[in-house]
Structure formats: structure tokens, C-alpha cells
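Letter by letter, the chains look like this.
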Amino acid sequence: MSQTPKIKVVDSIMGSGKTSAAINLMNQDTEHNYIFITPYLSEVERIKKSCSDRRFFEPKIKSVNGELHGKFDSLHDLLKWNKNIASTHALFRRSNEETRELIHAGNYVLILDEVMDVVEQFEMKKSDMKMLFEYGLLSIEDNYIVWNDDNPQAKEYDGVFNDLKQMALNKNLIFYRDTILIWTFPVDIFKSFKEVYILTYLFDAQIQRYYYDLNGIQFEKYIAANESDSYIFKKNVDHSDRLLKAELKNKIKIYDGNLNDIGAIDYSLSKSWYRKRREALTKLKKNTENYFKHKTKTTSQQNMWTTYDDFFSKIKGNGYTKGYVVCNSRATNEHRSKTNLAYLVNRFVNPIIYGFFEEKGIRINQEMYAVSELLQWVWRSAIRDGEEVSLYLPSKRMRNLFIQWLEDEIK
């Protein structure tokens, strides 16, 4: 494809007006069709209402000539009809070659609200994979898993491995270290747009940044700015968050007491720590109850907390269970009333993904990755409205990294 897209990364702090600037752009630019992709259905509704004159359509399950069409079929129908589209990360991640061709033909601009999960480990039993190779359904070409459609059995296959089949047909799966499957979003999808805007913060710490490096994708940095009472995208020239950080140091009260003792070791509260230190989870639960009941003395309506989803039932407790917000939450304003927070995790990049990039000569900054994930979560709370919040951050590593970021000592 000769067309070279211009990818614009709008790298501004959460709540700085990125979505408002995107809405203004979409309402004013009538020459292009737009696809707005966001993690949440509530944001899809926001775009449809805020851009009512442009008429944004959401892919829906529906019946066409007596045949049931799923959301992905609906997405393709809307692309064929050159409609403006608002949808979710989950649906967009299913994009394939047909999607790419329809986007390219439709003069589309993409606005991606927050980075997507573009590289992941695909979990599969070794015995199942071995069986598929032995029956000739799978093969390997240039480190990609290929579904052998020229094999009658493979072509007619319809069963429990249908998801794997579609990923292999889309060339989404990389065979890594002879046993592991790595799923990657098809990079040609990004290349098919006239322009791409990515609305995020600390993009250089995100996996999508490393994915672009891996695929030789160039991008420019922008910020969201308020000029003449209207939000716009503006080329980033020596943008600094020092003033913002100085203000935040006075508004985020980080707990400093003996409830932090549980997180004194560097790997404490990591996912592997949770798996290996089951006896410590009871202590962590008691600490969290103590923090909300005796340190902040707040009601459940004010409390917000997180852990790894697999361990939710072990950590939930009186006075805060209903305030659970997943630790990778982004791009939602639903929790902006929460003023007392407990971040009970210690974030690291999946070691398989880390090793995959490292073998390609790309080193992930684990420290800034951890900070960026923490910031995204904290900004779901009342801090996005400039209110003071309290934060229980028992991991010594996460606490030190956050303080270093506030002091402008790491970037």
C-alpha cells in the first residue's frame, strides 16, 4: 500500500480535554469519515450524542434478510455504507483483511481513545497445539501460525478452536520460543487510515509504543489545548507537566504508616507474589479494611480499590467491596466521586511479552510502565476534578516510583 498514514499521539494528562478536542474535530471535519474506538459503551453513547449532526452509528446485532448478523458483521456493513462509527476496543480488535480493505476504501480517520491491547500472550495447552500440528491443521511460516486452508479438514473445521482458526487466518499469531503463541493486532489496519489520533498519556511507556517500534510505525506527538474556549489538538513543543505535578503533590495524600510493611520487598504485591504468598492475602485484606475504617474513616460510596481480578474474592471486605475498579481501567468517568483509594497491586509487564520484545532488540521501561498504569487508575477518581484524594499504596516499589514521578525525577 503506497499510502503512508500520519499517526498523531495526543499525549496529555487525563482530564485535559482530549475527548472534547476529538469531538470538536469530528464535528468540524466533514471531508472525512470517522471511526471512534473507546474501551467503554458509555463513551460510545457520549460520542453519538455529542456528534449528532455527523450521525455516528454503533455496530449492533441484527437480522438481515432473515439471517442473524453479529456486531462484527454490522461493523463491516457500516464500513461498506461509509458511515461514521463509534465502537469499542473489544470489537475493533477483531479486525481482519476485509476490515482493512473497507477502511482503506472509505477515506476514514481513526480516533483511538486510549491505547489498545495490541500484543498479548495467547493461552493454549501444548497438547492441543501438538494435536493441531499433527493433524495438519496448523503450520508455521516466517514464525507465524498458519491455518492450512488447503487441507480439507482445516477448511471445513468448525469447533472449539474457531477463535484460533480466525486468528491464524488473519495472521495474528506468532510462534515464540517453539511453544508460546503471541497474538498481535494486524498493523496494516493502522496503515489503512488517512490519519490516526491516539488519545492517551505517557505513550512512551505503553506497549502500543513498543509495538509501533517493532513494526517501524512513525508518529508525531500532540497535546490537547484550550484555546478561545475550545479544545483543539496542538503540536507538542517542549510540553512539560512540572506545574501539574507540583499541584498534585498537595492534592494526593499518600499513606505512610505500618500498613505498608506488607509491601516492603520489590516484588511484593506482584501477581506472582499473590500466587506464592496466599497466607499474606488475609493480612492484606485486614490492612485494607483498617485503612478505610480507621485511617480514612469513610463510607463505601467514597472508597475505591483494586487488585488482580483472580484474587478479588480473597481481598474484598466490609466497607469497600462495591468500590472495586479493575487495575487496568481507563477512559471512564464513572468513579469520579471516589476520594479514598487503595491500589493493592505492583505492576510489571507480562514476562513473556517483555522477553518477546527484548529478543527483537526493544527494551520496555518497566518503571514508567508501572507509573502509567497507576496514573490511569488513580485518574478514575475525584482527582480528575481537582479534588483531594487519599491513597493507600502498600507496594514500596510502586510508592517510590509514584513519588519520583511527582518530583519529576523519572520520565
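Everything that follows concerns the structure shown earlier in this document.
Residues numbered from 1 in each chain as written. Predicted model: local features only at pLDDT ≥ 70, side-chain atom pairs only at ≥ 80, totals over all residues. Heavy atoms only, no water.

A. A look at the overall build of the protein chain. When helices and strands are tallied, the protein chain shows 17 helices and 19 strands. The globule rule puts the C-alpha radius of gyration for 411 residues at 22 Å, and the 23 Å found for the protein chain is close to it. In terms of principal-axis extent, the alpha carbons of the protein chain reach across some 65 × 60 × 45 Å. Residue pairs in contact within the protein chain that sit at least 24 positions apart in sequence constitute 72% of those at least 6 positions apart. For the protein chain, the accessible area works out to roughly 20000 Å², and carbon and sulfur atoms hold 45% of it. Charged side chains of the protein chain number 60 positive and 56 negative; the gap between the two group centres comes to 6 Å. (Helix = DSSP H or I, 4+ residues; strand = E, 2+ residues; numbered from the N terminus. Rg over C-alpha atoms; globule rule 2.2 N^0.38 Å. Contact = heavy atoms within 4.5 Å. Areas by Shrake-Rupley, 256 points an atom, 1.4 Å probe, with all protein chains shown as cover. Lys, Arg positive; Asp, Glu negative; His and termini not counted. Charge placed at Lys NZ, Arg CZ, Asp CG, Glu CD.)

B. Up close: a positive patch on the surface. Together, K271, R275, R278 and K314 line one region of the surface with positive charge. As for its position among the elements, K314 is in helix α14 (residues 312-315). (Patch = residues over 30% accessible without salt bridge, like charges linked within 9 Å, V, L, I, M, F, W, Y side chains within 5 Å. Salt bridge = Lys/Arg side-chain N within 4 Å of Asp/Glu carboxyl O.)

C. Main features of the sheet that holds strand β15 (residues 230-235). With respect to topology, eight strands assemble into an open sheet ordered β3-β6-β2-β7-β13-β1-β14-β15, the strand pairing being mixed. Each end of this open sheet is capped by a strand with a single partner; those strands are β3 (56-57) and β15. Sheet analysis places strand β2 (residues 33-38) next to strand β7 (residues 108-113), joined by five bridges and oriented parallel. By the bridge assignment, N33 is partnered in β7 with Y108. Docked against the sheet, helix α3 (residues 71-80) engages β2, β3, β6 (84-88) and β7, running at close to 160° with respect to β6. (Pairing = 2+ DSSP bridges. Axes fitted to C-alpha atoms, helices over the stretch in contact; angles between N-to-C directions.)

D. Structural view of the pairing of strand β19 (residues 389-392). Covered by surrounding structure in β19 are V389 and L391 together with S390 and Y392, the residues of both alternating faces. In the sheet, strand β18 (residues 340-343) pairs with β19 via three bridges, with the strands oriented parallel. Counted as the bridge partner of A342 is Y392 from β19. (Buried < 20%, exposed > 50% of the residue type's maximum accessible area, 1.4 Å probe, protein only.)

E. Here's a closer look at the packing of aromatic side chains. All told, the structure shown has 31 aromatic pairs when counted by the stated rule. Between F203 and Y212, the aromatic rings sit 6.1 Å apart at their centres with planes inclined by 50°, giving tilted as the arrangement. The exposure class of F203 is buried, given its relative accessible area of 0%. Ring plane angle 85° and centroid distance 5.1 Å describe the contact between F203 and F219, whose orientation is recorded as edge-to-face. Of the two residues, F203 is situated in the loop between β13 (195-200) and α10 (207-214) and F219 in the loop between α10 and β14 (220-227); the sequence distance between them amounts to 16 residues. (Phe/Tyr/Trp six-rings, centres within 6.5 Å; stacked < 30°, edge-to-face > 60°.)

F. Geometry of the packing of α3 against helix α5 (residues 97-105). Two elements in contact, α3 and α5, have axes whose closest approach is 9 Å; the angle formed by their N-to-C orientations is 25°. Looking at the two axes, α3 sits roughly parallel to α5. Crossing hand, α3 versus α5: left-handed. Between α3 and α5, the residues in contact are F72, H76, L79 and K80 and E98, T99, L102 and I103, respectively. Here the residues of the contact of α3 with α5 are counted per class, giving four nonpolar, two polar and two charged. (Parallel < 35°, antiparallel > 145°, perpendicular 65-115°, else oblique. Left-handed = near helix turned anticlockwise from the far one by under 90°. Nonpolar A, V, L, I, M, F, W, Y, C, P; charged D, E, K, R; others polar.)

G. Fine view of the side chain of Q208. Checked against the element boundaries, Q208 lands in helix α10. In this structure the side chain of Q208 is engaged in a polar contact, spanning 2.9 Å, whose partner is the backbone nitrogen of M116. Look past the residues within four positions of Q208 in its chain and what remains in contact with it is L112, V115, M116, V118, F190, I198 and F203. (Polar contact = N/O pair within 3.5 Å; in protein donor to acceptor, adjacent residues only side chain to side chain.)

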